[in-house]
Amino acid sequence: MGNFKKLLVWQKAHELSLDTHHAAARIRGALHLSLRSQIVRAADSIPANIVEGRGTQTDREFAKYIRSAVSSSDELEYHLLSARDRGVLSRALHDSLLERVVEVRKMLYGLLDRLNAT
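Keep in mind it's a predicted model, so treat the numbers as computed, not measured.

Each helix and strand in the chain was counted, giving four helices and zero strands. Against the globule reference of 13 Å for 118 residues, the chain gives a C-alpha radius of gyration of 15 Å, in line with a compact fold. Along the three orthogonal principal directions, the C-alpha set of the chain runs to about 45 × 20 × 20 Å. The burial tally for the chain puts 42% of its 118 residues in the buried class. Long-range pairs, those at least 24 residues apart, make up 73% of the contacts in the chain with a sequence separation of at least 6. Positive and negative side-chain charges of the chain, numbering 18 and 14 respectively, have mean locations separated by a distance of 3 Å.

Here's what the structure looks like:
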């Protein structure tokens, strides 16, 4: 289907993933190991699903992966909220990352709408 790197939604999701890794690295302590892992995994899953879906043969197949990316963005939003409420992620960092999660999710829904229209 084409080069995933040309998709603006992938570029934004990739940047979000990298920045989320940096934020998760600030979360210290063995008690929060699972939370750090979940944050990183959910963030990585968003651009990874775009990449995997871009390699499929049909728009319908691609849409399935985009829906998975949307679900991962929902999961990431929850884990960021949890980290904020546990006091291991600052409100400012949470708000900044959340704004970007919402932006990526809107872009994913836009792409999904286009894929479903074909």
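Let us keep going from here.
Let us now look at the side chain of histidine 79. With respect to the helices and strands, the residue histidine 79 is situated in helix α3 (residues 59–85). The class for histidine 79 is buried, based on a relative accessible area of 11%. Every residue in contact with histidine 79, bar those within four places of it in the chain, is listed here: Leu35, Gln38, Ile39 and Ala42.

The biggest cluster of nonpolar side chains holds 32 residues, and the ones touching the most others in it are Ile39, Ile46, Ile50, Ile66, Leu76 and Leu108. Excluding residues that lie within four positions of it along the chain, isoleucine 46 makes contacts with Ala13, Leu16, Ala69, Ser72, Ser73, Leu76, Val104 and Leu108.

According to the stated counting rule, one finds one aromatic pair in the structure shown. Pairing phenylalanine 4 with tryptophan 10 gives two aromatic rings, centres 5.0 Å apart and planes at 75°, and the pair type is edge-to-face. The partly exposed category is assigned to phenylalanine 4, whose relative accessible area is 23%.

Relative to the assigned elements, histidine 94 resides in helix α4 (residues 91–117). The buried category is assigned to histidine 94, whose relative accessible area is 2%. Apart from residues no more than four positions distant in its own chain, histidine 94 is found in contact with Leu80, Leu81, Arg84 and Leu89.

The terminal C-alpha atoms of α3 lie 39 Å apart, and with 27 residues this matches the ideal 39 Å at 1.5 Å per residue to within 8%. Glycine 87 sits one or two positions beyond α3 and adopts a positive phi of about 85°.

Summarising the element assignment, arginine 28 is placed in the loop between α1 (8–25) and α2 (33–54). Residue classification places arginine 28 among the exposed positions, given a relative accessible area of 65%. Linking arginine 28 and leucine 7, residues 21 residues apart in sequence, is a C-alpha distance of 34 Å. Among the polar contacts made by the side chain of arginine 28, one reaches the main-chain carbonyl oxygen of alanine 25 at a distance of 3.3 Å.

Criteria and thresholds
Residues numbered from 1 in each chain as written. Predicted model: local features only at pLDDT ≥ 70, side-chain atom pairs only at ≥ 80, totals over all residues. Heavy atoms only, no water. Helix = DSSP H or I, 4+ residues; strand = E, 2+ residues; numbered from the N terminus. Rg over C-alpha atoms; globule rule 2.2 N^0.38 Å. Buried < 20%, exposed > 50% of the residue type's maximum accessible area, 1.4 Å probe, protein only. Contact = heavy atoms within 4.5 Å. Lys, Arg positive; Asp, Glu negative; His and termini not counted. Charge placed at Lys NZ, Arg CZ, Asp CG, Glu CD. Core = buried A, V, L, I, M, F, W, Y, C linked by side-chain atoms within 4.5 Å. Phe/Tyr/Trp six-rings, centres within 6.5 Å; stacked < 30°, edge-to-face > 60°. Expected span 1.5 Å × (residues − 1). Polar contact = N/O pair within 3.5 Å; in protein donor to acceptor, adjacent residues only side chain to side chain.

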